[in-house]
Amino acid sequence: MAILAAILYPPGTEIDGLLGEVARKVADAGGRVGGVAQRRGADGKGLALTDLGNGAVRPISQNLGPLSTSCKLDTSAMAEIAGDLERQIDAGLDLVILSRFGIREVEGGGFRSLFGRAMLAGTPLLTAVRFEYAPAWTTFHGCLGIDLPPYETQILTWAKAVVLKAPQPAGV
C-alpha cells in the first residue's frame, strides 16, 4: 500500500476544498491530520495557506506594487510554514496534506523537502498535482506513490486504508 498519494487534476478543479474536506473527514474518524491547503488571501488577490490542523490562515503573497514583475511569493512566510509542518511531522501525524506538488516543487523548491521528510518518517502524505506536472511527480516519487482521481470517495478510501488501517478494495 502506497503511503504517498497525489490527486491528479485538470485546471479549474476546486482542489483545495476537496483537500480540506478529506482532512476534516479523516480527523473526524480519529486521524491526526496536519498540513496546508491553499486559498485566496483576505484581499481576494494574494494567496494564503490554511493550516489543516488548527484552521489558522497565513498569507504567502507579498504586495510588491502594481508594476512589479517579480515573484510575489513570500519566501520567508513559506519557510516559517515549512518549519511548522516539519515539527508537526516529527511530532507524529497520521496524515500530512500538502496543497500542491507544483512548479516550485518541480524546480526543487516550495515544500519539496517536506515530501521527503514525510516519506522518511513513514507518514502518509496526500497532495494535488495538475496534469501538466504529472510526469515530474512520477519522476520525483519513483513509483513509490499512487495517483488518485479528484473524487472524494476514492481519496477517502485510500486515506482510510493508510491512516485508519481499514481494508481497501482491490485496484485502489
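Residues numbered from 1 in each chain as written. Predicted model: local features only at pLDDT ≥ 70, side-chain atom pairs only at ≥ 80, totals over all residues. Heavy atoms only, no water.

On to the pairing of strand β5 (residues 95-98), then. The side-chain alternation of β5 yields two buried faces, one formed by Leu-95 and Ile-97 and the other by Val-96 and Leu-98. As judged from the three bridges shared by β5 and strand β6 (residues 125-130), these two strands associate in the parallel manner. Each residue of the ladder has a partner; that of Val-96, found in β6, is Leu-125. (Buried < 20%, exposed > 50% of the residue type's maximum accessible area, 1.4 Å probe, protein only. Helix = DSSP H or I, 4+ residues; strand = E, 2+ residues; numbered from the N terminus. Pairing = 2+ DSSP bridges.)

Helix α6 (residues 152-163) packs onto helix α1 (residues 15-28) with a crossing angle of 40° between their chain directions and a minimal axis gap of 10 Å. One element, α1, and the other, α6, form an angle in the oblique class. Considering the relative orientation of α1 and α6, their crossing is right-handed. Contacts between α1 and α6 involve Leu-18, Glu-21, Val-22, Lys-25 and Val-26 from the former and Glu-152, Ile-155, Leu-156, Ala-159 and Val-163 from the latter. Across the contact of α1 with α6, the residue classes tally to seven nonpolar, no polar and three charged. (Axes fitted to C-alpha atoms, helices over the stretch in contact; angles between N-to-C directions. Parallel < 35°, antiparallel > 145°, perpendicular 65-115°, else oblique. Left-handed = near helix turned anticlockwise from the far one by under 90°. Contact = heavy atoms within 4.5 Å. Nonpolar A, V, L, I, M, F, W, Y, C, P; charged D, E, K, R; others polar.)

Next up on the list: unusual backbone geometry. Positive phi, close to 70°, is recorded for Cys-143, a residue that is not glycine. With respect to the helices and strands, Cys-143 occurs in the loop between α5 (134-141) and β7 (145-148). Of the residues examined, Cys-143 reaches a relative accessible area of 68% and is grouped as exposed.

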